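Residue-level structure breakdown
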Amino acid sequence: MTTYNNLYINGHWVAPAQGKTFPAIDPSDESVFAEVASATAEDVDAAVKAARAAFDNGPWPKMSGRERAGYLRRVAEGIRARVNELATLEVRDNGKPMPEAVWDIEDTAGCFDFYADLAERSDEHPEQTVELAEDGFVSKAIKQPVGVVAAITPWNFPMLMASWKVAPAIAAGCTVVLKPSEVTSLTALEMAAICEEAEIPPGVVNILPGIGAEAGAPLTEHPLVDKIAFTGSVPTGSKLMKMAAQDIKNISLELGGKSPLIIFDDCDLEDAVEWLMFGIFWNKGEVCSATSRVLVQENLYPKLMDRLVEEARKLKIGNGMEDGVLLGPLVNAAQYEKVTKAIEAGKRDGATLAYGGERPPGLEKGYYLEPAIFVDVPEDSDLWKEEVFGPVVAIRRFATEEEAVRVANDSEYGLAGAVMSRDLERCERVARNLQAGIIWINCSQPTFVEAPWGGYKKSGIGRELGEWGYENYFETKQITSYVSDKPWGWFIK
């Protein structure tokens, strides 16, 4: 696509009812490079009604899993045919380095393929026999698509996170209205174009960029929506739970995190530094699962700090399209301000800034920031407790395994965590004791479509990805039959 001034509703490209747009801003130079259609309540109503009609009266939920899988595979093929184009658009919209964007787009195609496989496999076991304790009855359990899904996705992995919701939902037979973040909406609209090329029936996928209050709120509040699938901040997730409670809507939430990385002193130093950096500087630290709280055992602490600062100084910062760049600009002005304020607050709260946290020399335009490494961070400081969502790491030392686990678990969040040690029994023990939904051993941040994704505590409810993400989009129904030749005879003797 070359313009983005239309919404995708019921298989058609339509102008927003109020004619509103918002700018797409390139974070590398702060320039506006596109105007994007901005949906309002009228557009939301049209899209939800289209999704409702497609679910209630259309062919999609009645198809076999194999039939739906064919469409999903065509979407995957359409994405793969345009990997570099889509990745370039992601770089311009989000700022991430091109190799990371390519990885994201390739994973997006893989997500559609994975759920195509699950849809096909579901045909093999369409129902489950339920063993009953009483003769005269037979029972089975079947799964049916939940209905119309309101999907709301964040700006840090724009196309990839859209696929995490759209692919399993439509594979299950649901219909979807997707509202991508207004910060990074362009690849979502490209996904709509690819779904159109794949000839997915009208109304099955509807995509509405828009401002949260004008599009997201009326979407999640719409009475014809059956399920809300949201990834974003804890405050917004809390509001959605309250709203969903009024209508008892099905809801799944993937929210924020302040994930710990525990590094024991028997680790290989180079491996520890590599994974520490990948855990917080990948995607500019704009990662919900980023291991931004690092606990280093005291014997390794001095050497690790020296190597970490040494390697951080080498990071090439710049436009994500430039070769060798490992740290692109933050996504927009608001995020840049939020992260820089967190850095200043960390200094005031008594943490020591060992390196970075400033605008890099020679990059006066764009939302560029050196990675910030804080050491000796107080446990009661916001820098240690609250999500920054930027390339800012908070580091403390620890003495014993028990201390490390206690400090790691002392958090309102529980999305992810990681542990590094050559003692694999210790790693397994710590992994089981950490209160989080995703644990990595001797690594940080690898994410696979086959494995469940989601958190404990304020990091959300429900799981995405894998079979667990597929199950999110089904209701389970019991069907029980009376098969005895004898009358029941309770009232009529």
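One can find the structure itself at the top, above this paragraph.
The structure displayed is predicted, hence computed values, not measured ones.

About the criteria used
- Residues numbered from 1 in each chain as written.
- Predicted model: local features only at pLDDT ≥ 70, side-chain atom pairs only at ≥ 80, totals over all residues.
- Heavy atoms only, no water.
- Phe/Tyr/Trp six-rings, centres within 6.5 Å; stacked < 30°, edge-to-face > 60°.
- Buried < 20%, exposed > 50% of the residue type's maximum accessible area, 1.4 Å probe, protein only.
- Helix = DSSP H or I, 4+ residues; strand = E, 2+ residues; numbered from the N terminus.
- Lys NZ or Arg CZ within 6 Å of the ring centre and 35° of its normal.
- Core = buried A, V, L, I, M, F, W, Y, C linked by side-chain atoms within 4.5 Å.
- Contact = heavy atoms within 4.5 Å.
- Salt bridge = Lys/Arg side-chain N within 4 Å of Asp/Glu carboxyl O.
- Patch = residues over 30% accessible without salt bridge, like charges linked within 9 Å, V, L, I, M, F, W, Y side chains within 5 Å.
- Areas by Shrake-Rupley, 256 points an atom, 1.4 Å probe, with all protein chains shown as cover.
- Lys, Arg positive; Asp, Glu negative; His and termini not counted.
- Charge placed at Lys NZ, Arg CZ, Asp CG, Glu CD.
- Expected span 1.5 Å × (residues − 1).
- Arc of directions from axis to C-beta.
- Polar contact = N/O pair within 3.5 Å; in protein donor to acceptor, adjacent residues only side chain to side chain.
- Axes fitted to C-alpha atoms, helices over the stretch in contact; angles between N-to-C directions.
- Parallel < 35°, antiparallel > 145°, perpendicular 65-115°, else oblique.
- Nonpolar A, V, L, I, M, F, W, Y, C, P; charged D, E, K, R; others polar.
- Pairing = 2+ DSSP bridges.

**Looking at the packing of aromatic side chains**
- Within this structure, the stated rule accounts for 18 aromatic pairs.
- Ring centres 4.9 Å apart and planes at 50° place the aromatic pair Tyr8 and Trp13 in the tilted group.
- Classification of Tyr8 by relative accessible area gives buried; the value is 3%.
- On the accessibility criterion, Trp13 (26% relative accessible area) is partly exposed.
- A ring pair is formed by Trp275 and Phe278, whose centres lie 5.8 Å apart and whose planes are at 85°; its orientation type is edge-to-face. Here Phe278 and Trp275 lie together in helix H9 (residues 269-281), a separation of 3 residues that amounts to about one turn.
- Among the aromatic side chains, those forming a connected cluster through ring pairs are Trp103, Phe157, Trp275, Phe278 and Trp282.
- Sitting above the plane of the Tyr473 ring, Lys227 keeps its charged end 5.4 Å from the centroid.
- Lying across the ring of Phe264, Arg426 places its NZ or CZ 3.9 Å from the centre.

**Side note on the nonpolar core**
- In terms of nonpolar packing, the biggest core is built from 110 residues, with Phe112, Tyr115, Ile170, Ile200, Ile263, Ile373 and Ile395 touching the most fellow members.
- For this core, the leading source of residues is helix H4 (residues 98-122), giving 12 residues.
- Setting aside chain neighbours within four positions, we find Phe112 in contact with Leu72, Val75, Ala76, Ile79, Ser163, Val166, Ala167, Ile170 and Met191.

**Topic: the pattern of salt bridges**
- According to the stated counting rule, one finds 33 salt bridges in the structure shown.
- The salt bridge involving Asp226 is made with Arg52; its shortest N-O contact spans 2.7 Å. Of the two residues, Asp226 sits in the loop between helix H7 (212-221) and strand S10 (227-231) while Arg52 sits in helix H1 (residues 41-56), which places them 174 residues apart along the sequence.
- With relative accessibility at 14%, the residue Arg52 sits in the buried group.
- Across the pair Glu471 and Lys143 runs a salt bridge whose closest N-O atoms are separated by 2.7 Å. Highlighted residues: Glu471 in helix H15 (residues 466-471) and Lys143 in strand S6 (residues 137-145), separated in sequence by 328 residues.
- Classification of Glu471 as partly exposed rests on a relative accessible area of 35%.
- A residue is classified by how much of its surface remains accessible, and Lys143, at 43% relative accessible area, is partly exposed.

**Focus on the side chain of Thr153**
- With respect to the helices and strands, the residue Thr153 is situated in the loop between strand S7 (148-152) and helix H5 (158-172).
- For Thr153, a relative accessible area of 4% corresponds to the buried category.
- Setting aside residues up to four positions removed in sequence, Thr153 forms contacts with Met161, Ala162, Lys165, Leu178, Lys179, Pro180, Ser181 and Thr231.

**Some details on a negative patch on the surface**
- Negative charge collects at one region of the surface, where Asp349, Asp380, Asp382 and Glu386 lie side by side.
- Along the chain, Asp382 turns up in helix H12 (residues 382-385).
- Using a relative accessible area of 46% as the deciding quantity, one classes Asp382 as partly exposed.

**Considerations on H9**
- With 13 residues, H9 extends 18 Å from end C-alpha to end C-alpha; this agrees with the ideal 18 Å at 1.5 Å per step.
- Where H9 is concerned, the buried positions are Ala272, Val273, Leu276, Met277, Gly279, Ile280 and Phe281. Looking straight down H9, one finds its buried side chains confined to an arc of 160°; they lie on one side.
- Buried residues along H9 sit against strand S12 (260-263), strand S13 (293-297), helix H10 (301-314), strand S15 (372-375), strand S16 (392-398) and strand S18 (416-420).
- Of the residues flanking the start of H9, the one acting as N-cap is Asp268, its side-chain oxygen 3.1 Å from the backbone nitrogen of Glu270.

**Re the environment of Asp104**
- You can see Asp104 is positioned in helix H4.
- Sequence separation between Asp104 and Lys140 is 36 residues, and the spatial gap between their C-alpha atoms is 40 Å.
- Setting aside residues no more than four positions away along its own chain, Asp104 makes contact with Lys96, Phe157 and Leu160.

**Observations concerning unusual backbone geometry**
- With a phi close to 55°, Asn283 is a non-glycine residue in the positive phi region.
- The topology assignment puts Asn283 in the loop between H9 and S13.
- Backbone geometry places Asp376, a non-glycine residue, at a positive phi of 50°.
- Its location among the elements puts Asp376 in the loop between S15 and H12.
- Note on Asp376: relative accessible area 40%, which makes it partly exposed.

**Digging into the packing of helix H2 (residues 65-80) against H4**
- Look at H2 against H4: their axes get within 8 Å of each other, and the N-to-C directions meet at 170°. On the basis of their axis angle, the class for H2 and H4 is roughly antiparallel. Contact residues: H2 offers Gly65, Arg66, Ala69, Leu72, Arg73, Val75, Ala76, Ile79 and Arg80, while H4 offers Ile105, Thr108, Ala109, Gly110, Phe112, Asp113, Tyr115, Ala116, Asp117, Ala119 and Glu120.
- For the contact of H2 with H4, the class distribution of residues is 11 nonpolar, 3 polar and 6 charged.

**Some remarks on the pairing of strand S3 (residues 21-26)**
- Two elements, S3 and strand S4 (residues 31-37), share 6 bridges in a ladder whose sense is antiparallel. Looking at the pairing, Ile25 lines up with Val32 of S4.
- Here S3 folds back onto S4 in antiparallel fashion, the turn holding 4 residues, of which Glu30 has a positive phi close to 65°.

**So, the sheet that holds strand S14 (residues 352-355)**
- The strand order across the open sheet built from 7 strands is S14-S15-S16-S13-S12-S18-S19, with neighbouring strands paired in mixed fashion. Since the sheet does not close on itself, it has two edges, and those belong to S14 and strand S19 (438-441), each with one partner. Strand after strand, the sheet turns through a mean of 25° between neighbouring axes, direction not considered.
- Bridge count between S15 and S16: 4 bridges; the pairing is parallel. Bridged to Ile373 within S16 is Val393.
- Strands in contact with helix H13 (residues 401-409) are S12, S13 and S16; relative to S13, the strand with the most contacts, it is inclined by about 175°.

**Examining the sheet that holds S6**
- Strand order across the open sheet formed by 3 strands is S5-S6-S22, with antiparallel pairing between neighbours. If you trace the sheet from one side to the other, it starts and ends with strand S5 (127-130) and strand S22 (474-482), each paired once. Across this sheet, the average inter-strand angle for adjacent strands is 25°, counted without regard to direction.
- Bridge analysis of S5 against S6 gives 4 bridges, and the strand direction is antiparallel. Bridging across to S6, Glu127 finds its partner in Ile142.

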